Every structure is written in C-alpha cells, then in structure tokens.
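# Structure assessment
Residues per chain, in single letters:
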Amino acid sequence: MTTSMTSIDSLLHETRRFPPSPEFVANAVATPALAAAAAKDRLGFWAEQSRELLDWHTPFTQTLDWSDAPFARWFADGRLNVAYNCLDRHVLAGNGDRIAIHWEGEPGDSRSLSYAELTAEVKKAANALAALGVTKGDRIAVYLPVIPEAVIAMLAIARLGAIHSVVFGGFSADSLRARIDDAQAKLVITADGGWRKGKVFPLKDTVDAAVEGTSVEHVLVVRRGGNDIGWTQGRDLWWHDTVGTADPEHEAEAFDAENPLFILYTSGTTGKPKGILHSSGGYLTQVAYTHKNVFDLHPESDVFWCTADIGWITGHSYVVYGPLANGATQLLYEGTPDTPHPGRWWELIEKYRVSILYAAPTAIRSLMKLGREIPDRFDLSSIRVLGSVGEPINPEAWIWYHDVVGAGTAPIVDTWWQTETGAIMISPLPGITSLKPGSAQAAVPGIEIAVVDDDGAPVPKGSGGLLVITEPWPSMARGIWGDDERFVETYWSKFAEQGYYFAGDGARIDEDGDVWLLGRVDDVMNVSGHRLSTAEIESALVSHPMVAESAVVGAYDETTGQAVVAFVILRAEHAEQHTPDEASTALRGHVASAIGAIARPREIFIVAELPKTRSGKIMRRLLRDVAEGRPIGDTTTLADPAVMRLIEQMSKAK
Ligand code: WTA
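Residues numbered from 1 in each chain as written. Predicted model: local features only at pLDDT ≥ 70, side-chain atom pairs only at ≥ 80, totals over all residues. Heavy atoms only, no water.

### A word on the site of the ligand
Surrounding the ligand, one finds 17 residues, the nearest of these being D414, T415, T419, D505 and R531. The separation between a nitrogen atom of the ligand and a polar main-chain atom of G390 is 3.1 Å. A distance of 2.6 Å separates an oxygen atom of the ligand from a polar side-chain atom of T419. Elements that contribute at least two residues to the shell around the ligand include exactly helix 13 (313–325), strand 20 (412–415) and strand 25 (515–520). Its residues assigned to classes, the shell around the ligand comprises 6 nonpolar, 6 polar and 5 charged. (Near = heavy atom within 4 Å. Polar contact = N/O pair within 3.5 Å; in protein donor to acceptor, adjacent residues only side chain to side chain. Helix = DSSP H or I, 4+ residues; strand = E, 2+ residues; numbered from the N terminus. Nonpolar A, V, L, I, M, F, W, Y, C, P; charged D, E, K, R; others polar.)

Written as structure tokens, this is what we have:
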C-alpha cells in the first residue's frame, strides 16, 4: 500500500462540503426513508425493492439462501425473464414510444430506437439465435463496438436464458480465444469493424484468428465498418441476413432467478483472467435499484449517458441492464471523446440534452487538461447529476467536473463497486448526502461494509485498512466460471472466520464515518479505470523470445491514474543484438498485440537483475519506487541489496 498511503495526506485536508440544494431535495428520488427501511429489516428491504422494481413471472417467497456460502441464492424460487423486464413490460405499460437508445456513431451517423423498436429487434435476434440452436445455459461471446446491436445481442441472449460473455473490442485475438475456450462458447457475435479515433478498426479478422479450433460453431457478423473481411462459408453469417429476416414475435420464457445471466472476465493476481459469473434476479434488482436511486432517475424526463464501453461491467450494469430495466432514455456513443474534435462529448450533451452523465476520472482528467474553453463553447445546462466510477476521483478533477460540467450545482456521485459486486455498493445519494470531493462516502442502503485491519477488526475512525463487505448482497458474483475454489480463495479466504468478502481495496474511514478509497492492495493495477494484472502482462512479456524475465508495476500517472511500467531482463544473445530502445519498442508492441492496446507499457526498463527476496519473490514495491522516481524504500529483505543500485543506475541512464 505504499502508493496509496501517499494520497492520504492531501485527502486529509479536504474540507469542502456540498449539500444538495433545496430544489434538488424537493424532487429527489431517494429520501432518508430508504436508509431507515433498510436499517430496520435488510432482507425485507431487498425483497420489497425487487418486487417494486421488477416484474416476476412467478413471485419469489424466499429472499436469501446463504446456506451454501459464499455461493448466494437470492429470490431463488422466483422466475422471471430479464429481457422482458428491460423491454416488453415498458411497451405493455404504454411507454413503447419512449426512446430507449439515442445512438451516435463516431463519424456522426445516428439512430434512435424507441422501446417498441428495441423490443422488436431483440425478439428478432432471439428468434435468429434460437434458429442457430442457442438455448438456455449456452455461452455466447460478444465482441462488438458500441453500437445498438451490442445491446440487442446481449438482451436476445438473456431472453433465451443463455449466457453472454462480452469481450471488450480492444482485446487481442489471444485474449479473445482464451475467453472463448474458458467458457466453451458456441457462437461469437461480432462486426466487420468499428470506428475509433477516425478510423475503422477490424474486429472480424481478430475473431477469425481467435476461433480456429475452438468450440465456436458460428460467427454472426454485423456490418458496421464496411471494411473488407475474410469469410468462412457455413460458419460465418451476416446479422442482416439472419436477424434481419427473423420473425419479430417472440414470447419470453421465464427462468429461475438464479439462472446465470453473464460471464465477464476480469484481471486477478495471476495471469489467467477470472470469469466472474452473475445471475438474473438479484443482479437485475440491484442494478435497477442503484440506477434509480444513485442517479436520481426520473425516467420520463431524464437522458442518461454512461460513457463506458459495454465490454466492461459498467457498460453491462449502467448501459444495458439498469437503465433499460428502469425504462430510461439513454445515449450510446461509439467513439472516443476527442474525435473528430476535442469537444465531442460536450457537443453530444448539448445535442441530446443529456441530464445525467456517468464517466471515469481518467476521461475527466484528460478533458480537464484541454482547458475549460472547450466545454464552455457548448450548452451543458441540461446536466443535473454527474457520476464517477472506476478509480478514486481526485478533488481537483472533482471540482472541475462540478464547476465546469455541472455549472457548480450538479451533485457528483462517486460510485465505488467492482465487476464482482455487479452493482454500485458505496456512493453518496444526491438528494441526501452532503458531498465531500474525493470520498465515495457511504454504503448505499441495503449494503453493509467495514474497513478492518488484517485480523478483521474494524479500524478506528481516521485510520486506513482493508475494505470488506460484511453481508451478502443481491448482485454479488455467484462464482468464477469453472473454478469455485478460486472464487473462495480469492475473495472469501482472508476473512473466512468472519465471513467477509474482501474487495482487494484499501480504504480509510474519516471522522464522520465517510469512506475514502485508497486503491488496490494486491498486484492489480488500475489503468484508466480498467483492471490489469501485473502477472498477465508479465507472462505476455516472457512469451517474447527476447525476454528472459520480467516484472510489471503500476506507476502513478497524471491522466490514467496508473500506468504500466515493465522491467525486463533480456536473454543474453538479444542483449547484445539490440539497443535498449529497440528492445523496448518491440516489446511494447508485443504486449499490445498479445493482450490489447490498453496493456501497452508506458515505459520498459531493460535491466540486468530484478529485486528478489530470498524466497525468490519479486519485490514490486521497490520497482514502483523506481518507476515513480522516488528514493528506494527498505531493501533489507532483498537477497542481494546491491541489485537496486544497479537498477536505479540503468533506469537513470535511459
Ligand atoms: C476501483 C469497475 C475508487 C477499485 C466498476 C475496484 C474505484 C476496481 C471506484 C474495480 C471509485 C472502482 N473509487 N476506486 N469510485 N470504482 N474503483 O471490476 O479499485 O473494473 O476494486 O469495476 O476499481 O474495477 P472493475
């Protein structure tokens, strides 16, 4: 926790407070009654939320079954259809004409789909998938740009009781293949290509390279980029031929509340990504509940925009399932914030009158760097609530977001949660909480957390410790796909005695009881709000013939929060043939093609040795000191203390 502790000092001095305005309070969705109800009867509260927010084909009578802990069952004897809850019921309630999705492509093309239209599209896709043999429990990989078909595909899969595994479109063929193999997916839904930074990036080619020799029977291809692609007769199918011609009538079948809804892979401390498994009833309950209360959603008038890619959990919970379960209108944008011009986000807010914006601190910081003249050129007066997710938002970025994007009045909800928690766990409530820039503040009503020491005892106010969740919650992960043991080991073994879920994050509780997140305590980095494991990048590096050994750390970065920095020992023959610069350039490219551009190291230091303990463990803490240009910390447990001097010299020579 060396890096985290340094951030405490500045936070301690944060004394600014932003209470909600009386006008906001007057129309607020979440009121103090919510917390009171949850405190009185937590399980009863969740049961009531679920009945109120969702439509159950067969109502449940049990709320929580924790007898097989840590494998929870929520609302287990109830039956529902997730897609029906996101679509049909809104049409049946008379809201078919309400826009579900305003979509804007990066080149400026756009499409709007009403709830009736989106429902019809999903029904067609469900019929097409069923005709391809997709049934309950099948795994389908989705590898698409942010286009309406991504949402349609996910909902069609859910409608059939099958399981989607969405893989972020920036991942490489190897990463995609590993995920297809692990889940034994029988179908991949992709596009020819998508738009990013003014260019078409190919997706179908990557899929071709990934699926050879796997369980995949068919590849369904949406035409988006218009780029040339290869075609395998019999295996590949165009979306417009298949879904385009399917029947628009499809009756949703009800499935058990615990029917799996999706697998989403996330980085852990080993090289192998974990397939986090989520199920239906509990997940949908908590994403709908948090989307409504945390963002103060008024579905008749708000336009919600979550800027996350659907390949991440934020896109699952707050692009697809939360907003659609709540019948909200939302904006979906394919491209990057700076294409074709640096004011693109602000232009979209003005064009669609976005009222709730949910974004990541890394994006906010890079927009902030460009100066307020750019947003000031646009009409952002529709904004009334702002959200932040993915990493701690530093007070400076918070204030800029509040003043420049939120006109000094829009509350900011700093939401803490994880792929594993499925939905928001810690956040202010905008009509209740007096906001503190930089703090995620308190668990949402219905959630129980604590900050504890290594023995599981709560730390006193004002101290740092480990963040744990002390009671099961509806949207909690139901396991790691195919690896129950790893699930128990990773999240539930540290505090097995107390039965706490350990999130892997450090946190501090201040004098008022508010929570400040301090970053990861394990070897997982947070780059632009995305989790990357040091081990995964290290194994990509040593897969290169030039590399003998490697160690990767996350170093502080002004824009991305953390950046990947690698230390590499070259094999002797290569060390002579290549300059460090050549080797570093080649290896940065190699990591990008092995995992994806997001994992490309910012810097690679070619070194002769790595710092190790006597038991052979790499001391990443010391490498982080080098990467961040700090004096080297305590080296007494090193097998050979002279190593660090050598590494320091080599890194300075660079
Ligand atoms: C970090 C993203 C501070 C944290 C939803 C967590 C945050 C990891 C916040 C999960 C926040 C997320 N403040 N840190 N508001 N939100 N994190 O699974 O370290 O991609 O453990 O889920 O992001 O990342 P994941």
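### Some words on a negative patch on the surface
A cluster of acidic side chains, namely D68, D484, E485 and E489, defines a negative patch on the protein surface. Along the polypeptide, D68 turns up in the loop between strand 1 (64–65) and strand 2 (73–74). (Patch = residues over 30% accessible without salt bridge, like charges linked within 9 Å, V, L, I, M, F, W, Y side chains within 5 Å. Areas by Shrake-Rupley, 256 points an atom, 1.4 Å probe, with all protein chains shown as cover. Salt bridge = Lys/Arg side-chain N within 4 Å of Asp/Glu carboxyl O. Lys, Arg positive; Asp, Glu negative; His and termini not counted. Charge placed at Lys NZ, Arg CZ, Asp CG, Glu CD.)

### What about the side chain of K124?
Within the fold, K124 resides in helix 7 (residues 115–131). Residue contacts for K124: discarding those within four places in its chain leaves V243, G244, A246, D247 and P248. (Contact = heavy atoms within 4.5 Å.)

### As for the environment of I276
With respect to the helices and strands, the residue I276 is situated in strand 15 (residues 274–279). The exposure class of I276 is buried, given its relative accessible area of 0%. With 144 residues separating them along the chain, I276 and E420 place their C-alpha atoms 6.4 Å apart. (Buried < 20%, exposed > 50% of the residue type's maximum accessible area, 1.4 Å probe, protein only.)

### Here's the deal with the domain arrangement of the protein
In terms of domains, the protein is made up of domain 1 (22–505) and domain 2 (524–653). With 24 residues of domain 1 at the contact, the number on the domain 2 side is 20 residues. For the domain 1 face of the interface with domain 2, the top three residues by lost area are S267, W312 and T362, together amounting to 27%. Our count for the domain 1 to domain 2 interface comes out at 1 salt bridge. (Domains from an automatic or database assignment. Buried area = accessible area lost by both parts, 1.4 Å probe.)

### Quick word on the packing of aromatic side chains
In the structure shown here, the tally under the stated rule is 33 aromatic pairs. Arranged with centres 5.9 Å apart and planes meeting at 70°, the rings of F295 and Y318 form a pair that is edge-to-face. Of this pair, F295 sits in the loop between helix 12 (281–294) and strand 16 (303–306) while Y318 sits in helix 13, and the two are 23 residues apart along the sequence. Using a relative accessible area of 0% as the deciding quantity, one classes Y318 as buried. Here a set of aromatic residues connected by ring pairs shows up, and it is made of W66, F71, W473, F487, Y491, W492 and Y501. The lysine or arginine in question, R179, covers the ring of F171, its NZ or CZ lying 4.5 Å from the ring centre. Over the aromatic face of W238 sits the side chain of R223, whose NZ or CZ is 4.6 Å from the ring centroid. (Phe/Tyr/Trp six-rings, centres within 6.5 Å; stacked < 30°, edge-to-face > 60°. Lys NZ or Arg CZ within 6 Å of the ring centre and 35° of its normal.)

### Some thoughts on helix 22 (residues 620–627)
Buried residues dominate helix 22, accounting for 7 of its 8 residues. For helix 22, every residue scored as buried is listed here: R620, L622, L623, R624, D625, V626 and A627. Phi for G629, located one or two positions after helix 22, is positive at around 70°.

### Overview of the pattern of salt bridges
The final tally for this structure, using the stated rule, is 39 salt bridges. Salt-bridge contacts for K204 lead to D208; the nearest nitrogen and oxygen are separated by 2.8 Å. Here D208 and K204 lie together in helix 10 (residues 204–211), a separation of 4 residues that amounts to about one turn. For E538, the salt bridge identified is with R620, shortest N-O distance 3.0 Å.

### Looking at the pairing of strand 24 (residues 501–509)
Most of strand 24 sits out of view: 9 of its 9 residues are buried. Summarising the sheet, strand 22 (residues 464–469) and strand 24 pair through 5 bridges and their orientation is antiparallel. Opposite I469, over in strand 24, you have Y501 as the bridge partner. Summarising the sheet, strand 24 and strand 25 pair through 5 bridges and their orientation is antiparallel. Its bridge partner being in strand 25, A507 is matched across the sheet by L517. A loop of 5 residues connects strand 24 with strand 25, the two strands running antiparallel in sequence, and G513 in this loop sits at a positive phi of about 90°. (Pairing = 2+ DSSP bridges.)

### Focus: the sheet that holds strand 21 (residues 449–452)
What the 4 strands build is an open sheet, ordered 21-22-24-25; its pairing is antiparallel. The open sheet has two free edges, formed respectively by strand 21 and strand 25, since each of these has just one partner strand. Across the sheet, the mean angle separating the axes of adjacent strands is 45° when strand polarity is ignored. (Axes fitted to C-alpha atoms, helices over the stretch in contact; angles between N-to-C directions.)

### Remarks on the environment of I606
Tracing the backbone shows I606 in strand 30 (residues 603–606). Its relative accessible area of 16% is what places I606 among the buried residues. With 27 residues separating them in the primary sequence, I606 and T579 have C-alpha atoms 9.4 Å apart. With residues near it in sequence (within four places) discarded, I606 still touches V568, L570, P580, A583, S584 and M650.

### Brief notes about the sheet that holds strand 8 (residues 187–191)
Taken in spatial order, the 8 strands make up an open sheet running 12-11-8-6-7-14-15-23, and their pairing is mixed. The sheet terminates laterally at strand 12 (236–238) and strand 23 (479–480), the two strands that pair on one side only. Sheet topology places strand 6 (residues 139–143) next to strand 7 (residues 163–166); 4 bridges connect them, and they run parallel. The partner of I140 across the bridge, within strand 7, is H164.

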